[in-house]
Amino acid sequence: MKHEADELLKNISQNRNVVIFAPRNFGKTSLIKNMVAADYKKTNPKSFAFFVDLLGVYDMKSLVNRLMIAFENAFADSFPAKSIVKNIKLFLKHVSPKLSFDSVTGTPEISLGIDGNDKNHSIQYIFNLINNIAKKTPTLIILDEFQDISEVPESIALFRTAFQELKDFPIIILGSQRQLLFNMFSDPKAPLANWGIDFEIKPIDYKVYQDYMNERFYPCKIEIDLDNSIIIQNLMF
């Protein structure tokens, strides 16, 4: 998927928003997290990368809580332990987070104390926190299985409002249900019409995957021919 990764990184470098479609188990999440986001962090060592998986959200409380946990994890991952307190004071001035450190690894852990039932803690609230960080730090937002927010009343309109205020940094949206994504982004009457660049991840070519298999098999001095590789690939869908 190097070609896809290079195309996505090019769009990200130009602060373009991207809507990625691929059926489940096509490797889109791995592509984004392990290649695109990893390269982004390498290029921008002092950056904030926010990733949230929205699969299965069913009401506003579950949605806000999912965003909140993702923010806490992203904040702890993005800033070194030695400067975590400084960055909390810099970026979370109006929040009173609880800070702790893992007893084994020393990894910082923060809790914002956000309650999905509290009307003051909303989608807009969390994205405002991200926007404050983005003003001083290179920022990337990744929203996985985004189509599932369609199950939550009013959420699409709230995301639309939030997106309008998130500028000068890229947002990547991933989804596995084509029709739901079309209803959100591609239909001329869609609430998020013309919001980002459409990007489809297609099936990996059989020969390309055979080469990958042989790369992994090489240390064990095993090799697989194309015919047998095709059989295995089909069995794995």
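What counts and what doesn't
- Residues numbered from 1 in each chain as written.
- Predicted model: local features only at pLDDT ≥ 70, side-chain atom pairs only at ≥ 80, totals over all residues.
- Heavy atoms only, no water.
- Phe/Tyr/Trp six-rings, centres within 6.5 Å; stacked < 30°, edge-to-face > 60°.
- Helix = DSSP H or I, 4+ residues; strand = E, 2+ residues; numbered from the N terminus.
- Buried < 20%, exposed > 50% of the residue type's maximum accessible area, 1.4 Å probe, protein only.
- Arc of directions from axis to C-beta.
- Contact = heavy atoms within 4.5 Å.
- pLDDT = per-residue confidence, 0-100.
- Salt bridge = Lys/Arg side-chain N within 4 Å of Asp/Glu carboxyl O.
- Patch = residues over 30% accessible without salt bridge, like charges linked within 9 Å, V, L, I, M, F, W, Y side chains within 5 Å.
- Areas by Shrake-Rupley, 256 points an atom, 1.4 Å probe, with all protein chains shown as cover.
- Pairing = 2+ DSSP bridges.
- Axes fitted to C-alpha atoms, helices over the stretch in contact; angles between N-to-C directions.
- Right-handed = clockwise from strand over helix to strand, strands pointing away.

Student: Hey, could you run me through the packing of aromatic side chains in this one?
Tutor: For any pair of aromatic rings, the description consists of the separation of the ring centres together with the inter-plane angle of the planes. As enumerated under the stated definition, the model contains 15 aromatic pairs in all. Geometrically, the ring pair formed by Phe50 and Phe127 is edge-to-face, given 6.4 Å between the ring centres and 65° between the ring planes. Here Phe127 lies in helix H5 (residues 123-134) and Phe50 lies in strand S2 (residues 48-53), a separation of 77 residues in the sequence. Per residue, the accessibility class of Phe50 equals that of Phe127, and both read buried. Centroid distance Phe79 to Phe91: 5.5 Å. Interplanar angle 25°. Geometry classified as stacked. Taken as a pair, Phe79 in the loop between helix H3 (60-78) and helix H4 (84-91) and Phe91 in helix H4 lie far apart in primary sequence, 12 residues in all.

Student: So what exactly am I meant to see when it comes to H4 here?
Tutor: For an α-helix, 3.6 residues make a turn, and residues three or four places apart therefore share a direction. All of the buried residues along H4 are Ile84, Asn87, Ile88 and Phe91. Along H4, the residues classed as buried sweep out an arc of 105° about the axis, all on the same side. Across H4 from its buried face, at more than 90 degrees, point the exposed residues Lys86 and Lys89. Along its buried surface, H4 packs onto H3, strand S3 (98-101), strand S4 (108-111) and H5.

Student: I tried to follow the confidence of the model for the chain on my own but got confused; where do I start?
Tutor: If pLDDT is low for a region, its predicted coordinates should not be looked at in detail. On average, residues of the chain score 89 in pLDDT, and 96% of them are at 70 or above. Across the chain, strand S5 (residues 139-144) holds the top mean pLDDT of 97, while S4 sits lowest at 78.

Student: Explanation requested: the pattern of salt bridges in the structure shown.
Tutor: When the charged atoms of two side chains with opposite charge come close together, those side chains can pair. Applying the stated rule across the entire model yields 5 salt bridges. The closest approach of N and O atoms between Lys28 and Glu145, which form a salt bridge, is 3.7 Å. Of this pair, Lys28 sits in helix H2 (residues 28-43) while Glu145 sits in the loop between S5 and helix H6 (155-165), and the two are 117 residues apart along the sequence. With relative accessibility at 4%, the residue Lys28 sits in the buried group. It is possible to trace a salt-bridge network through shared partners that takes in Arg24, Lys28 and Glu145.

Student: Please clarify how a nonpolar patch on the surface should be interpreted in this entry.
Tutor: Judged by side-chain polarity, Val85, Leu99 and Phe101 come together as a nonpolar surface patch covering roughly 240 Å² of accessible area. Turning to its location among the elements, Phe101 is positioned in strand S3.

Student: What exactly am I supposed to notice about the sheet that holds S2 here?
Tutor: The strands making up a sheet associate through backbone hydrogen bonding, with each pair oriented either parallel or antiparallel. Taking strand neighbours across the sheet as the criterion, the 5 strands line up as S2-S5-S6-S1-S7 in an open arrangement whose pairing is parallel. Only two strands of the sheet have a single partner each, and these edge strands are S2 and strand S7 (197-200). If you compare each strand with its neighbour and ignore which way they point, the axes differ by 15° on average. Here S2 runs beside S5; their pairing, made up of 6 bridges, is parallel. When the bridges of S5 are listed, Val52 appears paired with Leu143. Sheet strands touched by H5: S2 and S5. Its angle to S5, the strand with the most contacts, is close to 150°. Strands strand S1 (18-21), strand S6 (171-175) and S7 of the sheet are contacted by helix H7 (residues 178-186), whose axis makes an angle of about 160° with S1.

Student: I keep staring at the pairing of S6 and nothing clicks. Help me out?
Tutor: Residues in a regular strand project their side chains so that they alternate between the two faces of the sheet. Most of S6 is tucked away, with 5 of its 5 residues classed as buried. The alternating pattern of S6 places Ile171, Ile173 and Gly175 and Ile172 and Leu174 on opposite faces, both of which are buried. Sheet analysis places S1 next to S6, joined by 4 bridges and oriented parallel. Of the residues in S6, the one forming a bridge with Phe21 is Gly175. Across 3 bridges, S5 lies against S6 in parallel orientation. Bridge assignment links Ile141 to a residue of S6, and that residue is Ile171. Handedness of the β-α-β unit built from S5, H6 and S6 comes out right-handed.

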